[in-house]
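Okay, here's what each chain looks like letter by letter:
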Amino acid sequence: MAVIVRGSQLARLLGQWHALPGRRRNPDYAALAGAVRGLLADGRLPLGVRLPAERELAEALRVSRTTVTAAYRSLRETGHLTSRRGAGSWTTLPTGHQVASSGLWTAETAPDMIDLGYAALAAPPELVPAARAAAEDLPRFLQHAGYYPTGLAELRAAVAHGYTRRGLPTSAEQIMVTSGTQHALDLVLRLLLPAGAPVLVESPTYPNALAALAARRARIATHGLATTAGDGWDADLLLGAIRQDRPRLAYLIPEFQNPTGHLMSVELRERVVAAAHASGTDLVVDESFVDLPLDGTPVPPPTAVFDRHSRVISIGGMSKPYWGGLRIGWVRASAPLVQRLAALRVGVDMAGPVLDQLVGVHLLAAADTIVPARLAQLTAQRDALLAELANVLPEWRVTVPHGGVTLWAELDGPISSALARAAEESGVRLAPGPRFGIDGTLERFLRLPFTLPVPVLTDAVRRIAAVRYDLDRTSRRQWREPAMIA
Ligand SMILES: Cc1ncc(COP(=O)(O)O)c(C=O)c1O
């Protein structure tokens, strides 16, 4: 059954539709149809949802029914709506816009390329000392075969302690160490998601999560995040999607969401968990950025705090605050689920490397020095990125992210993919907006990470601006080798 958007909900999403640019030249119905197309293109209005009946929307918008009828007709003509008599109208996209949601990668990044496809920091200075200390620890383990499918006991204990400190009492038995957060997600999906099952994700969301879901042949539905004001999630629509669609699983990034940087409120966390429980939905909560609040932003307690029915599986890792090259991540779940994941893992990669996990233990022990330095670095880099954008691309709209490592820029047109292609020729690799959705929408957006040093970011933005101003004159389409996004 398709999710139904009520008249009042669509009216709220449409906002000031009658005051949109170009409005004066357009009749009401055309402005309304244009606004709906805009919501679809931005991913705020998902594909495959049922729009309200014409009369209901007319009442909610205080316009005549004729206006809505004409707007729906116009949407049908452009391929944005499909209707069946007696059954209603569903949002669609004109054919040919669908794109595969696979994670892409190239073996090497050219050394002189500024790679803004990655949203991850270089290693902290504490890494080499931690690796030396880990090598010193190694003899303790050499008497055994070295396979620990759930992870090294001391790392599991350290990760569990981190959750307990955040207000979620956790034992080491509830932690399974994985080779990165991505591996954690893949294992959880293998265990909990039958092939072809319905899944709810945010739009935009992390592309490699979409790739993991595509590998399970998940039937993906999206919840569109706001790009500007508020905390991003529309509570009414998100809870409605869970209750109506009853997805088998929902994948959410509540802390400094990648790519938008949004932070989910405590209230919504509690309500999402309750809705998931009522709908039989497993909630996979990706906490990749939880350790990276900027500007002293308080982080709500973990989503799993509200979980009384083992519906929430938290995943996280060391890639963002520490180093991606460590490949250390984890799952926090009930102890029996951890055992089932470990049994499954044996058929995948057996266990994680002992030495790297020991490095992880030493880095976590130094968190109180490493993390504050990362926050200072990220704050300076974010501010430099924002300043340069305001300087050379003032027509782009950005919401200041108060955590994480990325900002989500709203461009001055649906140019993201074209810009990425052109920027690559100028030595800057970008992750264009459509990579963060499932259906070729989000062309008006671009993710920009602030993980590179200030001079590199400044240089990158200047090159992007130069390319942007050339774009209108040289719109060319060329195939490019796909690049990895992290
Ligand atoms: C939301 C999210 N989840 C997972 C990952 C993958 O992390 P890892 O390197 O720990 O596998 C990333 C990396 O960018 C991410 O942004």
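The rules we used
Residues numbered from 1 in each chain as written. Predicted model: local features only at pLDDT ≥ 70, side-chain atom pairs only at ≥ 80, totals over all residues. Heavy atoms only, no water. Domains from an automatic or database assignment. Contact = heavy atoms within 4.5 Å. Buried area = accessible area lost by both parts, 1.4 Å probe. Salt bridge = Lys/Arg side-chain N within 4 Å of Asp/Glu carboxyl O. Polar contact = N/O pair within 3.5 Å; in protein donor to acceptor, adjacent residues only side chain to side chain. Nonpolar A, V, L, I, M, F, W, Y, C, P; charged D, E, K, R; others polar. Near = heavy atom within 4 Å. Areas by Shrake-Rupley, 256 points an atom, 1.4 Å probe, with all protein chains shown as cover. Core = buried A, V, L, I, M, F, W, Y, C linked by side-chain atoms within 4.5 Å. Buried < 20%, exposed > 50% of the residue type's maximum accessible area, 1.4 Å probe, protein only. Helix = DSSP H or I, 4+ residues; strand = E, 2+ residues; numbered from the N terminus. Pairing = 2+ DSSP bridges.

A description of the domain arrangement of the protein chain should follow, citing residues and the corresponding values.
Split into domains, the protein chain comes out as domain 1 (7–91), domain 2 (114–124 + 369–471) and domain 3 (138–366). Taken together, the contact between domain 1 and domain 2 spans five residues of the former and six residues of the latter. Three residues stand out in domain 1 for area buried against domain 2, namely Ala41, Asp42 and Leu47, and they jointly supply 86% of the buried area on that side. Across the domain 1-domain 2 interface, the total number found is zero salt bridges. Taken together, domain 1 and domain 2 are joined by zero residue pairs in polar contact (both at pLDDT 80 or more). A breakdown of the residues in the side of domain 1 that touches domain 2 according to their chemical character gives three nonpolar, one polar and one charged.

Can you lay out the site of the ligand for me, pointing to particular residues and giving the numbers?
By nearness alone, 14 residues border the ligand, and Asn258, Asp286, Ser319, Lys320 and Arg327 come closest of all. Across the complex, the protein chains shield 95% of the 400 Å² of accessible surface that the ligand would expose by itself. In terms of residue class, the shell around the ligand is built from five nonpolar, six polar and three charged.

Requested: an account of the nonpolar core, with residues and values cited.
Membership of the largest hydrophobic core comes to 108 residues, with the highest contact counts inside it found for Leu45, Leu430 and Leu448. Here this core gets eight residues from one element, more than from any other, and that element is helix α13 (residues 367–392). Residues contacting Leu430, with those up to four places away along its chain left out, are Leu116, Leu419, Ala420, Ala423, Leu446, Leu448 and Ile464. Listed in part, the 30 residues of the second largest apolar core include Ala209, Leu210, Ile315 and Leu341.

Talk me through the side chain of Gln9; I want residue IDs and the actual numbers.
Residue position: Gln9 is located in helix α1 (residues 7–14). At a separation of 2.8 Å, a polar atom in the side chain of Gln9 contacts the main-chain amide nitrogen of Arg6. Leave out the neighbours within four places in its chain, and Gln9 touches Ile4, Asp236 and Leu237.

Which residues make up the pairing of strand β9 (residues 312–317), and what values go with them?
Across the six residues of β9, six count as buried, placing the element largely inside the fold. By the alternation rule, side chains of β9 split into Val312, Ser314 and Gly316 and Ile313, Ile315 and Gly317, which are all buried. Both strand β8 (residues 282–286) and β9 contribute to a ladder of four bridges, which runs parallel. If you follow Asp286 over to β9, its bridge partner there is Ile315. One ladder, built from four bridges, connects β9 with strand β10 (residues 329–332); its direction is antiparallel. By the bridge assignment, Ser314 is partnered in β10 with Arg332.

Provide a residue-level description of the pattern of salt bridges, including the pertinent values.
Applying the stated criterion across every chain yields a total of 20 salt bridges. When the shortest N-O distance is used, the salt bridge between Asp383 and Arg382 registers 3.0 Å. Arg397 is paired through a salt bridge with Glu410; the nearest N and O atoms lie 3.0 Å apart. One end of the pair, Arg397, is in strand β11 (residues 397–398); the other, Glu410, is in strand β12 (residues 406–410), with 13 residues separating them in the sequence. With a relative accessible area of 8%, Glu410 lands in the buried category. Within the structure, one salt-bridge network assembled from shared partners comprises Arg6, Arg12, Asp234 and Asp236.

Can you break down the environment of Arg248 residue by residue, with the values?
Assignment of secondary structure puts Arg248 in the loop between α9 (235–245) and β7 (249–252). When the C-alpha positions of Arg248 and Glu202 are compared, they lie 15 Å apart, and in sequence the two are 46 residues distant. Apart from residues no more than four positions distant in its own chain, Arg248 is found in contact with Leu192, Leu193, Pro194, Ala197, Pro198, Gly280, Thr281 and Asp282. Within the structure, the side chain of Arg248 is placed 2.9 Å from the side chain of Asp282, a separation counted as a polar contact.

Can you tell me about the sheet that holds strand β15 (residues 445–449), naming the residues and giving the values?
Read from one edge to the other, the open sheet built from four strands follows the order β11-β12-β15-β14, with strand pairing classed as antiparallel. Two strands in the sheet have a free side with no partner beyond their single neighbour: β11 and β14 (431–432). Sheet topology note: the β11/β12 ladder contains two bridges and is antiparallel. Bridge pairing links Val398 to Ala409 in β12.

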